[in-house]
Amino acid sequence: MKGVLFDFDGTLTRPGLIDFMAIKRAIGCPPEMAILEYIRLKPNKERSSLTEILEVHEAKAARLAVPNEGAKACLSTLRKKRIPTGIITRNSLKSVVSALRQFEGITCGDFHAIITREGISPKPSPEGVFKAAESMGCLAEELMVVGDFRFDVIAGKRAGAMTILLTNGERSTMLPEDPMPDYMCRHLGEVVEIVLDTITSP
Ligand SMILES: [Mg+2]
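Everything numeric in this text was worked out from a predicted model, so none of it was measured.

## Brief notes about the coordination of the magnesium ion
Alright, step 1. Each protein donor to the magnesium ion is listed here as D7 (OD), D9 (O) and D148 (OD); together their distances run 2.1 to 2.2 Å.
Alright, step 2. Sequence spacing of the donor residues for the magnesium ion, all on one chain, is D-x1-D-x138-D. Placement of D7 in the loop between strand 1 (3-6) and helix 1 (20-27) and of D148 in the loop between strand 4 (143-147) and helix 7 (150-158) is noted, with a sequence separation of 141 residues between them.

## Brief notes about the pattern of salt bridges
Alright, step 1. Applying the stated criterion to the full structure yields ten salt bridges.
Alright, step 2. Two residues, R150 and D178, come together in a salt bridge whose shortest N-O distance is 2.6 Å. Of this pair, R150 sits in helix 7 while D178 sits in the loop between strand 5 (162-166) and strand 6 (183-185); the two residues are 28 residues apart in sequence, bridging distant segments of the chain. In terms of burial, R150 and D178 fall into one category: buried.
Alright, step 3. Put simply, D7, K123 and D152 are held in one network by salt bridges that share partners.

## A closer look at the sheet that holds strand 6
Alright, step 1. Taken in spatial order, the six strands line up as 3-2-1-4-5-6 in an open sheet, and their pairing is parallel. Looking at strand neighbours, the two that pair on one side only are strand 3 (113-115) and strand 6, the edges of this open sheet. For this sheet, the mean angle separating the axes of adjacent strands, direction not counted, is 20°.
Alright, step 2. The pairing of strand 5 with strand 6 spans three bridges and is classified as parallel. Among the inter-strand pairings, L165 is bridged to a residue of strand 6, identified as M184.

## Section: the packing of helix 1 against helix 3 (residues 44-64)
Alright, step 1. Packing of helix 1 against helix 3 leaves a shortest axis separation of 10 Å and a crossing angle of 155°. Overall, the two elements helix 1 and helix 3 adopt an arrangement that is roughly antiparallel. Along this stretch, helix 1 crosses helix 3, giving a crossing that reads as right-handed. Contacts from I23, A26 and I27 in helix 1 reach L50, I53, L54 and H57 in helix 3.
Alright, step 2. In the contact of helix 1 with helix 3, the residues fall into six nonpolar, one polar and no charged.

## A word on the domain arrangement of the protein
Put simply, an interface is often sized by how much accessible area is lost when its parts join up.
Alright, step 1. In terms of domain boundaries, the protein breaks down into domain 1 (3-15 + 66-198) and domain 2 (20-64).
Alright, step 2. Placing a centre on the C-alpha atoms of domain 1 and another on those of domain 2 gives a separation of 23 Å.
Alright, step 3. Interface of domain 1 and domain 2: buried area, both sides summed, is about 890 Å²; carbon and sulfur atoms make up 45% of it.
Alright, step 4. Per-residue buried area on domain 1 facing domain 2 is highest for R90, R117 and P122; these three make up 45% of the total on that side.

So, how was this worked out
Residues numbered from 1 in each chain as written. Predicted model: local features only at pLDDT ≥ 70, side-chain atom pairs only at ≥ 80, totals over all residues. Heavy atoms only, no water. Donors = N, O, S within 2.8 Å, 3.2 Å for Na, K, Ca; no water. Helix = DSSP H or I, 4+ residues; strand = E, 2+ residues; numbered from the N terminus. Salt bridge = Lys/Arg side-chain N within 4 Å of Asp/Glu carboxyl O. Buried < 20%, exposed > 50% of the residue type's maximum accessible area, 1.4 Å probe, protein only. Pairing = 2+ DSSP bridges. Axes fitted to C-alpha atoms, helices over the stretch in contact; angles between N-to-C directions. Parallel < 35°, antiparallel > 145°, perpendicular 65-115°, else oblique. Left-handed = near helix turned anticlockwise from the far one by under 90°. Contact = heavy atoms within 4.5 Å. Nonpolar A, V, L, I, M, F, W, Y, C, P; charged D, E, K, R; others polar. Domains from an automatic or database assignment. Buried area = accessible area lost by both parts, 1.4 Å probe.

Here you go:
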């Protein structure tokens, strides 16, 4: 294992800031359906107005974002150990840049890859994991993908990466038909321990 690829919302940021159910209500998306996939099904004109509503919610959440517990310590430990890190998110680049301003001592430049929804198939597609691996100078199977939602684990597994499901002390979001994550952690501190145990020294 050579690098760590983090989901953003609810993984590096404190969970619960984006109210996905409120967004779904606002755009008429059925509760069981994923937001981006719902919007994608709509005709062009409607798609752009629904995207605008989504972006208003995301921008607000990004302004209020706070680093998740242990996130800053986790990122600075990995930086000190020269372990490449990346971000993979279904959110927009604008939201990530805005939210990262709340991370004192951490900047966009600390990440070897920032993969957002623009121009790629979002998770659970493995496309972004492959793209991140390329930017991080390793193979997808040399990555540890860390995230708080089932799509993170599915995308990581489809790309052949190792995966950690971060539960933040809540119930797992995995469904019975999903692939099992390699590890489950309650806290980012545990993620660092696993990464340091499994890392291949350069
Ligand atoms: Mg998440």
